[in-house]
Amino acid sequence: MKEIHIVVRPQLLERVHEALRACPGFPGMTVGEVDAYPPVASQAGAHSIKEDLTEFVPRVRIEIVASDTVAGLLFDSAVKVLEHGQTGDSAVWMTDVLQATFLHRTG
C-alpha cells in the first residue's frame, strides 16, 4: 500500500481532482488547506522573522491511500497534470504504508 501526498496552489485543485477521478480504482482523497513556504523565498540576504512569516502562501494538500498498482497510476496522473508549473507551485511524493484499516459504520 502507498500514500500519495500532493501539495498544490488552490487554483490547481480542480484540475488535479479531475485527473485523479479519471483513474480506474480511484479510492477517494482527503483535502485540506495548508500554508507553505516556497523554496525560492527569502534567499536575498538578511531578513527578519516577521518577513519570513509573511512569506507563507496558501496551498491545498491532498492525501490518498491506495494499493500499489492504483497508487502508481494516480501518482503519474498527478505529475502529468502538474509538471508544467512554476517553482513552488506543487509537490508530489509517495510513501509506503505498512498497515491501514478503513472503518465504516454500518448502523
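Keep in mind the model is a prediction, meaning the values are calculated, not measured. Here the residue numbering is sequential within each chain, running from 1 through the sequence in written order. Confidence filtering applies because this is a predicted model: local features only for residues at pLDDT of at least 70, side-chain atom pairs given and counted only at 80 or more, and all residues used for totals across whole chains, interfaces and linings. Water and hydrogen atoms play no part in the side-chain values, which are based on all heavy atoms of the structure.

### Describing the overall build of the chain
Alright, step 1. Runs of E in the DSSP output that reach at least two residues are strands. Runs of H or I that reach at least four are helices, and both are numbered from the N terminus. Helix and strand counts for the chain come out as three helices and four strands.
Alright, step 2. In sequence order, the chain lays out its α and β elements as β-α-β-α-β-α-β.
Alright, step 3. Pairs at least 24 residues apart make up 78% of the contacts formed inside the chain by residues separated by at least 6 positions.
Alright, step 4. When the accessible surface of the chain is totalled, it reaches about 7400 Å², and 53% of it is carbon and sulfur. In this analysis, two residues are considered to be in contact whenever any of their non-hydrogen atoms come within 4.5 Å of each other. Computed with a 1.4 Å probe, the accessible areas rest on the Shrake-Rupley method; for each residue, only the protein chains presented here act as cover.

### Observations regarding the nonpolar core
Alright, step 1. Ile6, Val8, Val16, Leu20, Ile64 and Leu74 are the most contacted members of the largest nonpolar core, which totals 16 residues.
Alright, step 2. Of all the secondary-structure elements, those providing two or more residues to this core are strand S1 (2–8), helix H1 (13–21), strand S3 (57–66) and helix H3 (68–82).
Alright, step 3. In terms of residue count, the dominant contributor to this core is H3 (five residues).
Alright, step 4. Among residues more than four places away in sequence, those in contact with Val8 are Leu13, Val16, Arg59, Val60, Leu82, Asp89 and Ser90. What we call a nonpolar core is a set of buried Ala, Val, Leu, Ile, Met, Phe, Trp, Tyr and Cys residues that are connected through their side-chain atoms within 4.5 Å. Using a 1.4 Å probe on the protein chains alone, a residue whose accessible area is under 20% of its type maximum counts as buried, one over 50% counts as exposed, and one in between counts as partly exposed.

### Overview of the side chain of His5
Alright, step 1. Summarising the element assignment, His5 is placed in strand S1.
Alright, step 2. What qualifies as a polar contact is a pair of N or O atoms within 3.5 Å, subject to a donor-acceptor requirement within protein and to the restriction that residues adjacent in sequence count only when both atoms come from side chains. Of note is the side chain of His5, whose polar atom sits 2.9 Å from the side chain of Arg61.

### Things to note about the pattern of salt bridges
Alright, step 1. By convention in these notes, a salt bridge is any Lys or Arg side-chain nitrogen within 4 Å of a carboxyl oxygen on Asp or Glu. Using the criterion set out here, one finds two salt bridges in the structure.
Alright, step 2. Residues Lys2 and Asp96 are paired through a salt bridge, measuring 2.4 Å at the closest nitrogen-oxygen approach. Separated by 94 residues along the polypeptide, Lys2 in strand S1 and Asp96 in strand S4 (residues 90–96) bring together distant segments of the chain.
Alright, step 3. A residue is classified by how much of its surface remains accessible, and Asp96, at 55% relative accessible area, is exposed.
Alright, step 4. Where Glu63 meets Arg61, a salt bridge forms, and the shortest distance between an N and an O atom there is 2.9 Å.
Alright, step 5. Relative accessible area serves as the criterion here: at 27%, Glu63 is assigned to the partly exposed category.

### With respect to the pairing of S3
Along any regular strand the residues' side chains alternate between the sheet's two faces.
Alright, step 1. DSSP bridges decide pairing: two strands pair if at least two such bridges lie between them. Note that S1 and S3 share seven bridges and pair antiparallel. Following the sheet pairing, Ile4 is matched in S3 by Ile64.
Alright, step 2. Here seven bridges tie strand S2 (residues 30–36) to S3, and the two strands are oriented antiparallel to one another. Opposite Asp35, over in S3, you have Pro58 as the bridge partner.

### Section: the sheet that holds S2
Alright, step 1. Reading across from one edge, S2-S3-S1-S4 is the order of the four strands in this open sheet, with antiparallel pairing throughout. A strand with exactly one partner marks an edge of an open sheet, and here the two such strands are S2 and S4. Across the sheet, the mean angle from the axis of one strand to that of its neighbour is 20 degrees, orientation sign disregarded.
Alright, step 2. The pairing of S1 with S4 spans seven bridges and is classified as antiparallel. Considered in S4, the bridge of His5 is made with Trp93. Every angle, taken between N-to-C directions, lies between 0 and 180 degrees, and every axis is a line fitted to C-alpha atoms, over only the stretch in contact when it is a helix.

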